[in-house]
Amino acid sequence: MTEPPPKPDDPTGLLLPTRVTLIVAAAVVMVGMTPCLGLLQWPGALLCLPPLVLGILGLRRVRRQHHDESLHPAPFLGAVVGSCLLLALAVTRLILGLGVA
Amino acid sequence: MDWASMAGVILVILGCCSALAGTLFGLLPVLPGPPVAMAGPVLVIAGFTVMDEPISGWGWALLAATLLAGLVVTAIDLFSPVLGKKLGGTGRGAMVGAYFGLMTALLFSVHLSGIGAAGSLASAGLALVLSTLGSLVLLFLGPMLGGMVGDLVAKPSVVQRDPESGAVKPTSQLLWESLAAGVAQCLGLLITTGTKVVYGLGTVLACALYVLGWLW
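Report on the accompanying structure. For clarity, every value in this text was computed on a predicted model and none was experimentally measured. (Residues numbered from 1 in each chain as written. Chains lettered and ligands numbered in written order. Predicted model: local features only at pLDDT ≥ 70, side-chain atom pairs only at ≥ 80, totals over all residues. Heavy atoms only, no water.)

1. Here's the deal with the interface of chain A and chain B
What counts is decided by this rule: Any two residues whose heavy atoms approach within 4.5 Å are treated as being in contact. We define buried area as the total accessible area lost by two parts upon association, computed with a 1.4 Å probe and summed across both. A side-chain nitrogen of Lys or Arg and a carboxyl oxygen of Asp or Glu constitute a salt bridge if their distance falls within 4 Å. For this analysis, a polar contact is any N or O atom pair within 3.5 Å, provided that within protein one partner can donate a hydrogen and the other can accept it, and provided that sequence-adjacent residues contribute only side-chain to side-chain pairs. Each helix is a run of H or I in the DSSP string that is no shorter than four residues. Each strand is a run of E no shorter than two, and both are numbered from the N terminus.
Listed per partner, the contact involves 31 residues of chain A and 24 residues of chain B. Between chain A and chain B lies a buried interface of about 2300 Å² when both sides are counted; carbon and sulfur atoms form 77% of it. Our enumeration of links across chain A and chain B arrives at zero salt bridges. Remark: the boundary between chain A and chain B carries three residue pairs in polar contact (both at pLDDT 80 or more). Within the residue set of the side of chain A that touches chain B, elements represented by two or more residues are α1 (15-32) and α4 (74-97) of chain A.

2. What to know about the packing of α1 of chain A against α4 of chain A
All names here are of chain A. Which entries qualify depends on this criterion: Every axis in this analysis is a line fitted to C-alpha atoms, fitted for helices over the stretch in contact. Angles between the N-to-C directions lie between 0 and 180 degrees. We call two directions roughly parallel when the angle between them is under 35 degrees, roughly antiparallel when it is over 145, roughly perpendicular when it lies between 65 and 115, and oblique otherwise. For any pair of crossing helices, the crossing counts as left-handed if the nearer helix is rotated counterclockwise from the farther one by less than a right angle, and right-handed if it is rotated clockwise. Throughout, the ten residues Ala, Val, Leu, Ile, Met, Phe, Trp, Tyr, Cys and Pro are labelled nonpolar, Asp, Glu, Lys and Arg are labelled charged, and all others, Gly among them, are labelled polar.
The interhelical angle for the contact between α1 and α4, taken along N-to-C directions, is 20°, at an axis separation of 10 Å. As far as their axial angle goes, α4 and α1 are roughly parallel. The crossing of α1 and α4 is left-handed. Residue-level inspection shows L15, T18, L22, A25, A26, V29 and G32 of α1 in contact with α4, the latter providing P75, F76, A79, G82, S83, L86, A90 and R93. Looking at side-chain class alone, the contact of α1 with α4 contains ten nonpolar, four polar and one charged residues.

What follows is the structure in structure tokens.
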């Protein structure tokens, strides 16, 4: 009798790109908060979109495959919440500094 | 000016720079803030000794107190990750997230202060008070939300089971765990960073007192 193959750590295949894009977005938004580096918030705000999209895709995939109880939405939920927070911060900084200061 | 005086003045300047650098290093978790700040008063006293300047008993007492406080702050800084793990059981994700949150909140509060300073002339300080309150709230919310998001993102996407009962953890339980991790990280980061920065400012004050006493 052969044993079933072990389940992969990330059956969705979206976890690593979600984490990487979220870290990159967080780093750019954080550096863009520095005075005189406000222009960085334009790419910072744009970079918040990939983790948001990947997080939503991950949540949908987890929901679709939920019948086998092998997936959990926590990391994708975190990515969606985190990217929304970062986007709000970047937009607020752009409004405060008029996108240049 | 002879060589001894020149060397003494250089040591005093180095000491003041070291205290300032230690204060700034205190904001970053990787850099050794307290030891660098602790070297400040030591270098200043060494400079006075090289210059054959008399040092009063109060001066030696201040140096001893600064060194003792520096050792305590360094110990707190070294053991805070262990304490944080015991208090909240947090992982590396929460730690990194809380650090990102704290730095972003600190930098963002600079802009809020700017708005407060600009608005204070027109609205009798109300904008200043509001922006200060906003900055304080941000300093708590930033590391807490950052730690929570970091803890959530660092969790595996495969289903998590309770080690005792073997039951599947519901999403609400994971969210509560992450919130607890965020709060623990926030408190730990604020306590350690605050302690390091306050200690750094103390060493700057000690150096300033030494130099002022020397000049007058």
